[in-house]
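Remarks on the overall topology
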Amino acid sequence: MNVKMADLRGQYEEIAPEIDEAIRSVLSHAAFIRGREVEEFESALADYLNVPHVLGVANGTDALQIAMMALGVGPGDEIITSAFTFIATAEAAALLGATPVFADIDPRTFNIDPACIEALITPRTRAIIPVHLFGQPADMAPIMELAQRRGLPVIEDNAQAIGAKYQGAPTGSIGHVGCLSFFPTKNLGCYGDGGALSTRDAALNKKVRMVSNHGGERKYYNEIVGVNSRLDTIQAAILQVKLRRLDENHARRRRAAERYDALFADHPCIAIPHRAPDRTHVYHQYALRISEDLPGKRDGLAAYLKTRRIPHAIYYPAPLHRLPVFAGSGCRRGPLDETEKASREALSLPMHPLLTEREQEFLASEILGYCDRVLRDGDTG
Ligand SMILES: Cc1ncc(COP(=O)(O)O)c(C=O)c1O
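Structure report, in brief.

Criteria and thresholds
Residues numbered from 1 in each chain as written. Predicted model: local features only at pLDDT ≥ 70, side-chain atom pairs only at ≥ 80, totals over all residues. Heavy atoms only, no water. Core = buried A, V, L, I, M, F, W, Y, C linked by side-chain atoms within 4.5 Å. Buried < 20%, exposed > 50% of the residue type's maximum accessible area, 1.4 Å probe, protein only. Helix = DSSP H or I, 4+ residues; strand = E, 2+ residues; numbered from the N terminus. Contact = heavy atoms within 4.5 Å. Salt bridge = Lys/Arg side-chain N within 4 Å of Asp/Glu carboxyl O. Disulfide = S-S within 2.5 Å. Near = heavy atom within 4 Å. Polar contact = N/O pair within 3.5 Å; in protein donor to acceptor, adjacent residues only side chain to side chain. Nonpolar A, V, L, I, M, F, W, Y, C, P; charged D, E, K, R; others polar. Pairing = 2+ DSSP bridges. Phe/Tyr/Trp six-rings, centres within 6.5 Å; stacked < 30°, edge-to-face > 60°. Lys NZ or Arg CZ within 6 Å of the ring centre and 35° of its normal.

1. Looking at the nonpolar core
- Counting residues in each nonpolar core, the largest one holds 28 residues, and the members touching the most others are Tyr-260, Phe-264, Ile-270, Tyr-286, Leu-301, Leu-349 and Ile-367.
- Only α9 (246-264), β11 (286-290), α10 (297-307), β12 (346-349) and α13 (357-377) provide two or more residues apiece to this core.
- At 7 residues, the largest contribution of residues to this core is made by α13.
- Apart from the residues within four sequence positions on either side, Leu-349 is in contact with Met-5, Tyr-260, Phe-264, Tyr-286, Leu-288 and Ile-367.
- Grouped together as the second largest cluster of nonpolar side chains are 26 residues, Ile-66, Ala-127, Ile-129 and Leu-197 included.

Here is the structure:
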C-alpha cells in the first residue's frame, strides 16, 4: 500500500481549480513582490491568529532571525530554548552571535519544561523561545509569568502549530512575537518557502517590518542593518486559498490522530501522544514513543519499516546539543535527560488530512505485528 507521509500532490488536487486561478491572477497583474495578495493574506492571518499585526517573510528561519534582531539579540547574548527541535530555532540565534542555552522538555508533550528555564537565566539572557512542537502548544502560562517577572521577551516558535490553542488563545498570539513557517509540508504550507511573524505589539511590528526590509521604513532610507526577507505574491495568493480550509483540515488531522490513538492504545511498548487538557493539538506530526524495553528499540522498528518501505520519520534523531554545530561550541545547558530519551524514542507516522482509515490500519498492523514478534522472539535484526 502506497501511504504518503504528507501527500502534497493529493492536497493540491483537492483544491486545484482555486489554486490555479489564484496563481493565474498574480501572473496577470504581475506584481510579484508586494502585490495586493500579500497584504490581504497578512490581514486574514492576523484575524485567524487574533493579533493586530502579521508580517509575511521568506521562511520560518528568517522569521526567527528577524524577531531576534528586532528584539536586539546580538553577540554575547543568550537565548533559552529546547534542544528537541529543528535546528532553525537555535541557528538563528547563533547567526547573530548569541548562544543558545538548552532547557529540558516535558516528556509528555515534547515541549520545553517551564520548570527547567529559570535556573538557566543569567544577566546575558535576552529571550525565551518555546517551540510548539509537533502541533501542540508549550505550557505558556508559567513561561509568560516567568518572562514577565524576569523582564524577558518570549518568541514563540510557532512553525509547527498554526491554529493550535492554549487556554483558548491561538499560539503566536501569547508571547511577544510568534514565528511561522509555510514550508510545503507544514499544516499551512505554500508551494515554495514562506514564513510570517505575528505580534500584538505595535512598536515591535514596526521594528520587524524595518528589519525585514533592509532596515528601513522608506525606500533608499535605511536606518539600521536589516535583511531582505519577503513573502512573495504567488505564495501569498496560494496561502489565502489554503488558510480558508485550515480549520477543516485540522479537524481531519484530529480524526486521523484519534484513529491512530485507538489502534495503538494499550500496547506495552508504545505510547500514543499525550494531549494536554488545556490545549488543542493540530497534529503537524503524530509522534509515538517506542519504549526502550522493546527489543531492538525504536531504531530496530525504524530499520524494519525502512526495509518494508513503510513511511515514517524520526524527528529528531539528535538533540541540538549533540549536533556537530553546537556540540563543540560549549553551549550551556541544564540536565537534558528527557530530551535525550525523546530523541531515542520518538517515531512519527504519516499524518495529513487525506490519510484514510485503511491506510492507518495497514500501518498499525505492520508496526504492531513487528512489535509483538520481537517481544515474543527477541530482536532478530
Ligand atoms: C520548529 C521549527 N522552527 C523553525 C522552522 C524553520 O522554518 P523554515 O523551514 O520555513 O525556515 C521549522 C521548519 O522547518 C520548524 O519545524
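2. A look at the pattern of salt bridges
- Per the counting criterion, the structure on display carries 26 salt bridges.
- For Glu-18, the salt bridge is made with Arg-245, and the minimal N-O distance between the two is 2.7 Å. Taken as a pair, Glu-18 in helix α2 (residues 16-29) and Arg-245 in the loop between α8 (233-243) and α9 lie far apart in primary sequence, 227 residues in all.
- You can call Arg-245 partly exposed: its relative accessible area is 23%.
- Here the residues in one salt-bridge network are Glu-118, Glu-145, Arg-149 and Arg-150, joined through shared partners.

3. Brief notes about the state of the cysteines
- This model, assessed by the stated rule, comprises 0 disulfides.
- Cys-190 takes part in no disulfide bond, and the closest cysteine sulfur, belonging to Cys-179, lies 16 Å away.

4. Overview of the site of the ligand
- Lining the immediate environment of the ligand, one finds 15 residues, of which Gly-60, Thr-61, Asp-157, Ser-181 and Lys-186 sit closest.
- One of the backbone nitrogen or oxygen atoms of Gly-60 is found 2.8 Å away from an oxygen atom of the ligand.
- The side chain of Lys-186 places a nitrogen or oxygen atom 3.1 Å from an oxygen atom of the ligand.
- Mapped by element, the contributors of at least two residues to the shell around the ligand are α4 (60-70) and α5 (88-95).
- Here the shell around the ligand is composed, by residue class, of 5 nonpolar, 8 polar and 2 charged.

5. With respect to the pairing of β12
- The alternating pattern of β12 places Ala-346 and Ser-348 on one face and Leu-347 and Leu-349 on the opposite face, and all of these are buried.
- In terms of strand pairing, β11 meets β12 through 4 bridges, oriented antiparallel. Counterpart to Tyr-286 in the pairing with β12 is Leu-349.

6. What about the packing of aromatic side chains?
- Across all of its chains, the model carries 12 aromatic pairs by this definition.
- An angle of 75° between the planes, with centres 5.6 Å apart, marks the rings of Phe-41 and Phe-182 as edge-to-face. Of this pair, Phe-41 sits in helix α3 (residues 36-49) while Phe-182 sits in the loop between β8 (177-181) and β9 (195-199), placing them 141 residues apart in sequence. Just as Phe-41 is buried, Phe-182 falls in that class too.
- Put simply, the rings of Phe-84, Phe-110, Phe-134, Tyr-315 and Tyr-316 touch in pairs and so form one group of aromatic residues.
- The aromatic ring of Tyr-221 is capped on one face by Arg-218, whose charged end is 4.4 Å from the ring centroid.

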